[in-house]
Amino acid sequence: MLKMQDISKIYRTDLIETYALRAFSLEVSAGEFVAVTGPSGSGKTTFLNVAGLLEDFEAGSYELDGTNVRALSDDARSRLRNQRIGFIFQSFNLIPDLNVEDNVDVPLRYRGLAAGDRRERIASALELVGLASRARHMPAQLSGGQQQRVAIARAIAGDPAFLLADEPTGNLDSLMARQVMDLLEQINEMGTTILLVTHDPELARRAQRNVHLIDGHVSDFSAYEPRAAASGGADAAGAALA
Amino acid sequence: MSVPVRPILSALLRNRTGAVLVAMQIAIALAVLVNALYIVVQRAEKMGRPTGIDVDNVMVIASAGFTERFQTVPSIQEDLAYLRALPGVVAASVTGSIPLSDGGSNNPLLTNPEAHAGENYNALEIDEQGLAALGVHLVAGRNFTHEEIQPPLTKLDASRFVPEIIVSRALAERLFPHQSPLGKRVYDPLRQSATIVGVVDPVMGCFPSSDHPDWVYFLPRYPYAFGGSLVYLVRTQPGQRAALMRVVEQHLAKSNPDRVIDWVRPLNYFRDLTYLGDRSMEIYLITVTALMIAVTCLGIFALATFNVSTRTKQIGTRRAVGARRRDIVQYFLVENGLVTGAGVIVGCALALATGYYLSLQYALPRLNLYFLVGGVLLLWATGQLAAWQPARRAAAVPPSVATRTV
Ligand SMILES: Nc1ncnc2c1ncn2[C@@H]1O[C@H](COP(=O)(O)OP(=O)(O)OP(=O)(O)O)[C@@H](O)[C@H]1O
Ligand SMILES: [Mg+2]
């Protein structure tokens, strides 16, 4: 489903070249919940950005759902991000001037969905994250954990096949972090593939598989133990949300 | 994809201070633009009215007799004989006042000798070459003959009229609506009559700034030389005026020791002097309006730039969740369009109110609505253009900004 082979990603500044990813290879199958760990600067965010088509890479090949993403135009990458990928950010990245439902609506509008369809998706996504009653609140009126749940609702409202999360609990206390983690597990159980970057070994243990990065490449895979519930694909998630 | 106006508007309303200021600026700019341009166009129309006169090839000569020996009629005859014989001169005439100069005389004319009083119309004394010296054309009837030219009025005989006159078509229409004016009689206040022998058109008289500068009639008479002053109109072949002006000035200065030549000037000089106020007003209004629009563009540009630079993370996030570059451009253009739109709507009201006030205050015609529509479109387009570059910069924000900034 996601297949990276010998990817290298170089950041060039006037003075130095940084190999953020070096001969990076990874395969992730549909429905997996993969935690990515590693020391600061090891390339976790870079990996997520490449995986999520937010950044280009210099060498290697990357197939997403069997599509070679290198050949894609900027618009095509936007469309793929919009329809197949959901992002969850460390600092939530809600749009401060839009209320909760308008925030969730943002990717749906870019997808060009009809108003009725969008309304239903917003309602069920907010239902899932337990914030249906806060639809008209502004982000500033919510706690950090609630904001992150709105961001999760935004990420899943479009039924993505992949959910990419970069330290989604990094700005939350442990209780809220656990809630968010519960939510991610629940979403994964509905069939969405999740790539989770985290520093927290406890959270990482809850994933099915751990990938440890050092210096821009994978140093270690933990054992892969498929969970009983993780069987379906994106369609299952879609069915559950609809 | 439908344009997401509502969320853009609600986001805009949460940060409205800058937007309101820029919208107000746009409103004021529209009111100024529309009214200023309207005034400019009116002035341009005023200055562009046909004069019928070959302004570019006519020179005006002012001669002043200053000795006891100076004699008006012989002097006129001698000067005209010289001028008319000059190669390159088309025609020359002596005249009572300078056309297009906003100076001259208005005298009453009546169509009915029983009438109580006549209205004043611009009267211009010329000789048989007067029409040719101006370059105006007869459209009916005939020119004055040499024999018809009357001697100047004198102190003893100050109210003598003339037997024949030539009128402008506009004056003919005024005096005898829908009738042929040829052969019709008109009267001076002493009920002395003259017959209309010719009609010229188009022609502007001595008062371009009056309401009806084309209500003018010509008298076949040498002018009365107040204090020995005489004015000649000389029309040259195209392109020869400047050279002939020097020749003429030198010759006339010497030819008669009993007078001096005060000046020799192109007729354009007097027309331009008459329109100096209009011309200055035009330049002033255009400059102020252009500056105003430039400042407004800067305001729009600054607001858009500010909005982009304070929202880079939001832009990156939008890109990350699926916005294409053109969606980002569209976002900022729609946002700017809303601000400009609000400004333009308020501006319309402001422009109409200003126009109404000006029309009352300065007796101007009421604002033409085409100007309002044109001004709205112009400001709208300029506003979008000013926001274009910031919008492009927004679209260049990479999606990775979403994960790379805190
Ligand atoms: N825009 C950039 N320009 C130059 N170097 C960069 C850029 N972004 C990342 N890097 C470098 O690439 C390497 C990997 O960075 P990355 O952000 O992927 O690390 P990370 O594992 O996410 O670290 P952290 O845990 O601190 O978030 C680092 O050495 C970083 O300095
Ligand atoms: Mg990182």
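Residues numbered from 1 in each chain as written. Chains lettered and ligands numbered in written order. Predicted model: local features only at pLDDT ≥ 70, side-chain atom pairs only at ≥ 80, totals over all residues. Heavy atoms only, no water.

**A short note on the interface of chain B and chain A**
Contact residues are listed per partner, giving 28 residues for chain B and 27 residues for chain A. Where chain B abuts chain A, roughly 2,600 Å² becomes buried across the two surfaces, and 52% of that area is made up of carbon and sulfur atoms. If you look at where chain B meets chain A, you find 5 salt bridges. Across the salt bridge formed by R6 of chain B and D102 of chain A, the nearest N and O atoms sit 2.7 Å from each other. Here chain B and chain A share 18 residue pairs in polar contact (both at pLDDT 80 or more) between them. Looking at the side of chain B that touches chain A element by element, the count peaks at 6 residues for helix α9 (residues 312-320) of chain B. (Contact = heavy atoms within 4.5 Å. Buried area = accessible area lost by both parts, 1.4 Å probe. Salt bridge = Lys/Arg side-chain N within 4 Å of Asp/Glu carboxyl O. Polar contact = N/O pair within 3.5 Å; in protein donor to acceptor, adjacent residues only side chain to side chain. Helix = DSSP H or I, 4+ residues; strand = E, 2+ residues; numbered from the N terminus.)

**What to know about the sheet that holds strand β11 (residues 259-266) of chain B**
Residues and elements named next belong to chain B. Pairing is antiparallel across the open sheet formed by 4 strands, whose spatial order is β2-β10-β1-β11. Strand pairing shows two members of the sheet lacking a second neighbour, β2 (89-95) and β11, which therefore form its edges. Sheet twist, expressed as the average angle between the axes of neighbouring strands with direction ignored, equals 20°. Note: β2 against strand β10 (residues 229-236), 6 bridges, orientation antiparallel. Note that in β10 the partner of A92 across the bridge is V234. Across the sheet, helix α6 (residues 241-255) touches β1 (58-65), β2, β10 and β11, and the angle it forms with β11 is around 175°. Lying on the sheet, helix α7 (residues 267-274) is in contact with β1 and β11; it crosses β11 at an angle near 70°. (Pairing = 2+ DSSP bridges. Axes fitted to C-alpha atoms, helices over the stretch in contact; angles between N-to-C directions.)

**Some thoughts on the packing of helix α2 (residues 16-48) of chain B against helix α11 (residues 369-395) of chain B**
All names here are of chain B. Running from N to C, α2 and α11 cross one another at 130°; their axes reach a closest spacing of 9 Å. Relative to α11, the element α2 is oriented oblique. The two elements α2 and α11 meet at a crossing, and its hand is right-handed. Between α2 and α11, the contacting residues are I26, A29, L30, L33, V34, L37, Y38 and V41 on the first element and F371, L372, G375, V376, L378 and L379 on the second. Per-class residue counts for the contact of α2 with α11 are 13 nonpolar, 1 polar and no charged. (Parallel < 35°, antiparallel > 145°, perpendicular 65-115°, else oblique. Left-handed = near helix turned anticlockwise from the far one by under 90°. Nonpolar A, V, L, I, M, F, W, Y, C, P; charged D, E, K, R; others polar.)

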